[in-house]
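An overview of the molecular structure
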Amino acid sequence: MKFVDRIDEAARLKDALAGEKSSLVVLYGRRRLGKSTLVKRVLSDKDVYFLADRSECQHQRVLLAKMIAQVFPDFDKLSYPDWESMLLALNYRTDKRFTLCLDEFPYLVEQAPELPSVLQKLVDEKQLKYNLVLCGSSQNMMYGLSLDSTAPLYGRADEIMRLAPIRLPYIQEALRLDAMDAIEEYAVWGGVPRYWELRENRDSLHDALWHHILSVNGALYEEPVKLFQDDVKDMVKTSTIMSYVGVGANRLSEIAARCNEPATNLSRPLQKLVELGFLEKDVPFGVDEKNAKKSLYKIADPFMAFYYRFVVPNRSFIELGRRLPIEQALHAQWTGYVGMQWEKLCRDAVTGNLVHGVLYGKAKRWWGVVRNGKKEPEQVEFDVMAESLDKKCLLVGECKWTTRENGKQLTAELLRKANLLPFAKNYAIVPVLFLKNAPEEDAGNALLPENVLELMRQMDNKVE
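Residues numbered from 1 in each chain as written. Predicted model: local features only at pLDDT ≥ 70, side-chain atom pairs only at ≥ 80, totals over all residues. Heavy atoms only, no water.

The name an unreviewed UniProt entry assigns to the protein chain is ATP-binding protein, from the organism Candidatus Odoribacter faecigallinarum.

Encoded structure:
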């Protein structure tokens, strides 16, 4: 598969390694995001790349010495009793600066807790003549090693990079898709390049789902467990929370009731899942994010959302090889599921972007009860709402992932609902329709998949 995106990350990494003095770079992020691929594309054949495992310290040093010997012959002829002696020995092999990358660094620290302190000493005393890149998938440990004020390496890194999932436009480029297919594929695989590689090897999305996810032998059938292993201690509670959120328990009270636990017991694990990027906390536009009364928890990652929507509830059928019930679930729920992901992508496209020449801030949902004169209170919801940075305009949007819509009717309804909002009276209301297909009776305000992709390219002009 073609290597896409990561242009900014690669440039920052190259700059850090090309400085006049040796650098310490920390690179981390969840599994499958392409950290190792990024590093290896930047390193040259004069650099040393080492992928750690969970074996004991002396064996790790033996393996590393063999990798170093590929660049510096006979380095593995000696035995190194500790990490400090080994790292210092590298100083005497060349006068030219090179880079040593220790990938899956947390595995080394598990076996040698003193290693961060050893690196702190070498960095502080400016003894190293080479660059060090520390890379890892355990977000907790990598964050703690470099950003926790009590950690030995705190304040020592010249560059700290947290790799995020790749944005929507790049899946279109990588898998050579049209705009509509790009949305549907992204709704399953998200921005994870390893999943894109697996998808590329199958004939269709349907084929890839059954081969990689909806099969006991699928490469991604147990994927969440592998992701949680790096950062979560209580796997049972984590999986339970994700399962309930995945099927629609979005309020803290609902999650607590299903878990049969007090809500106070769940605040910390929920916050941890938010920090790790598996969950997101959704509050209405204009409401303080600390307001717990209206907040909803949603699965943040598309792949995880798909997994907990379709795999977990159907695990017994999958284990028994019963395809028909799962096919029926996919058929019945697919449009609604993609529609949910479409909403998030539309909000992402509007956030911090120019839409019809107006620059908007963060786009969010809005929901609540409004009063319509003497009529009964009405429950109102907007899929997209964003304020222009000059505070003159309020964009209100409706998202539909269905076959055909009446543009004029949807627009009229958007304006009707917006006029019920007391806070909207201070703005010029801008109604926008985000639609799968061109509408009937077009009101001239519809954005289709190709338009949303273009908006994302507009704010991220790195796509080549």
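On we go.
**Brief notes about the overall build of the protein chain**
Of regular secondary structure, the protein chain possesses 20 helices and 14 strands. Relative to its length of 464 residues, the protein chain is compact, with a C-alpha radius of gyration of 25 Å against a globular reference of 23 Å. Across its three principal directions, the C-alpha atoms of the protein chain cover 85 × 55 × 45 Å. By residue count, 51% of the 464 residues in the protein chain fall in the buried class. At a minimum sequence separation of 6, the contacts of the protein chain that also span at least 24 residues come to 65%. If the 64 positive side-chain charges of the protein chain are averaged to one point and the 65 negative ones to another, these points end up 3 Å apart. (Helix = DSSP H or I, 4+ residues; strand = E, 2+ residues; numbered from the N terminus. Rg over C-alpha atoms; globule rule 2.2 N^0.38 Å. Buried < 20%, exposed > 50% of the residue type's maximum accessible area, 1.4 Å probe, protein only. Contact = heavy atoms within 4.5 Å. Lys, Arg positive; Asp, Glu negative; His and termini not counted. Charge placed at Lys NZ, Arg CZ, Asp CG, Glu CD.)

**A few points about helix α15 (residues 263-275)**
Its 13 residues give α15 an end-to-end C-alpha distance of 19 Å, which sits within 8% of 18 Å, the value for a rise of 1.5 Å per residue. Every buried residue of α15 is accounted for by L266, L270 and L273. In this structure, the buried side of α15 is in contact with α12 (223-229), α13 (235-246), α14 (252-259), β6 (279-282) and β7 (296-299). One or two positions beyond α15, positive phi appears at G277, with a value near 90°. (Expected span 1.5 Å × (residues − 1).)

**Quick notes on the pairing of strand β13 (residues 428-435)**
Walk down a regular strand and you will see the side chains alternate between the two sheet faces. Bridging between strand β12 (residues 393-400) and β13 involves 8 bridges; their strand directions are parallel. Across the sheet, residue E398 finds its bridge partner in β13, namely L433. For the segment spanning β12, helix α19 (residues 407-418) and β13, crossover handedness is right-handed. (Pairing = 2+ DSSP bridges. Right-handed = clockwise from strand over helix to strand, strands pointing away.)

**A look at the UniProt feature "domain: HTH iclR-type" (unreviewed entry) in the protein chain**
Per the UniProt entry, the sites bearing "domain: HTH iclR-type" (unreviewed entry) are residues 249-282 in this numbering. The straight-line gap between the two end C-alpha atoms of residues 249-282 is 13 Å; of that span, 62% is helix and 12% is strand. (UniProt positions renumbered as here; feature names shortened; annotations may be inferred.)

**Looking at the sheet that holds strand β11 (residues 378-387)**
By definition, the strands of a sheet pair up through backbone hydrogen bonds, in either a parallel or an antiparallel sense. Spatial strand order, β10-β11-β12-β13-β14: 5 strands in an open sheet with mixed pairing. Looking at which strands have only one partner, the edges of the open sheet turn out to be β10 (364-370) and β14 (446-447). Relative to β12, β11 runs antiparallel, the two being bridged by 4 bridges. Residue pairing across strands places E387 opposite L394, the latter belonging to β12.

**Topic: the environment of P106**
Among the structural elements, P106 can be located in helix α5 (residues 105-111). For P106 and M180, which are 74 residues apart along the polypeptide, the C-alpha to C-alpha distance reads 40 Å. Contact partners of P106, with chain neighbours within four places excluded, come to C135, G136, S138, M141 and M142.

**Let's talk about a nonpolar patch on the surface**
Together, Y143, L147 and I160 give the surface a local cluster of nonpolar side chains, amounting to about 250 Å² of exposed area. Within the secondary structure layout, I160 lies in strand β5 (residues 159-162). The partly exposed category is assigned to I160, whose relative accessible area is 33%. (Patch = residues over 30% accessible without salt bridge, like charges linked within 9 Å, V, L, I, M, F, W, Y side chains within 5 Å. Areas by Shrake-Rupley, 256 points an atom, 1.4 Å probe, with all protein chains shown as cover. Salt bridge = Lys/Arg side-chain N within 4 Å of Asp/Glu carboxyl O.)

**Looking at the sheet that holds β5**
Across the sheet, which stays open at both edges, the 5 strands sit in the order β2-β3-β4-β1-β5 with parallel pairing between neighbours. For this open sheet the edge positions go to β2 (48-51) and β5, each flanked by a neighbour on one side alone. Direction aside, neighbouring strands of the sheet carry axes that sit 10° apart on average. Here helix α2 (residues 35-42) sits on the sheet in contact with β1 (24-28), β2, β3 (99-103) and β4 (131-136), set at roughly 145° to β1. Across the sheet, helix α3 (residues 57-69) lies against β2 and β3, angled at about 150° from β2, the strand it touches most. (Axes fitted to C-alpha atoms, helices over the stretch in contact; angles between N-to-C directions.)

**Section: the nonpolar core**
In terms of nonpolar packing, the biggest core is built from 96 residues, with W189, I213 and F434 touching the most fellow members. With 10 residues, the single largest contributor to this core is helix α18 (residues 323-350). Setting aside its immediate chain neighbours within four residues, F434 contacts W342, C346, V350, V384, G397, E398, C399, K400, L447 and V452. (Core = buried A, V, L, I, M, F, W, Y, C linked by side-chain atoms within 4.5 Å.)

**A short note on the environment of Y154**
Mapped onto the elements of the fold, Y154 is located in the loop between α7 (139-147) and β5. Spatially, the C-alpha atom of Y154 lies 8.4 Å from that of G144, the residues being 10 residues apart in sequence. The contact partners of Y154, leaving out residues within four places of it in the chain, are L145, S146, L147, D148 and S149.

**Side note on the packing of aromatic side chains**
Inspection of the entire model under this criterion finds 15 aromatic pairs. Ring geometry for Y195 and F303: centres 4.7 Å apart, planes at 40°, overall tilted. Note that Y195 is positioned in helix α10 (residues 193-200) and F303 in helix α16 (residues 302-311), a separation of 108 residues in sequence. Each member of the pair, Y195 as well as F303, carries the same accessibility label: buried. Ring centres of F306 and Y337 lie 5.9 Å apart, and the angle between their planes is 75°; on these two criteria the pair is classed as edge-to-face. With F306 in helix α16 and Y337 in helix α18, the pair connects residues that are 31 residues apart, well separated along the chain. Exposure class is identical for F306 and Y337. Each is buried. A cation over a ring is seen here: R61 above W83, with NZ or CZ 5.5 Å from the ring centre. Positioned above the aromatic ring of W210, the side-chain terminus of R323 is 4.0 Å from the ring centre. (Phe/Tyr/Trp six-rings, centres within 6.5 Å; stacked < 30°, edge-to-face > 60°. Lys NZ or Arg CZ within 6 Å of the ring centre and 35° of its normal.)

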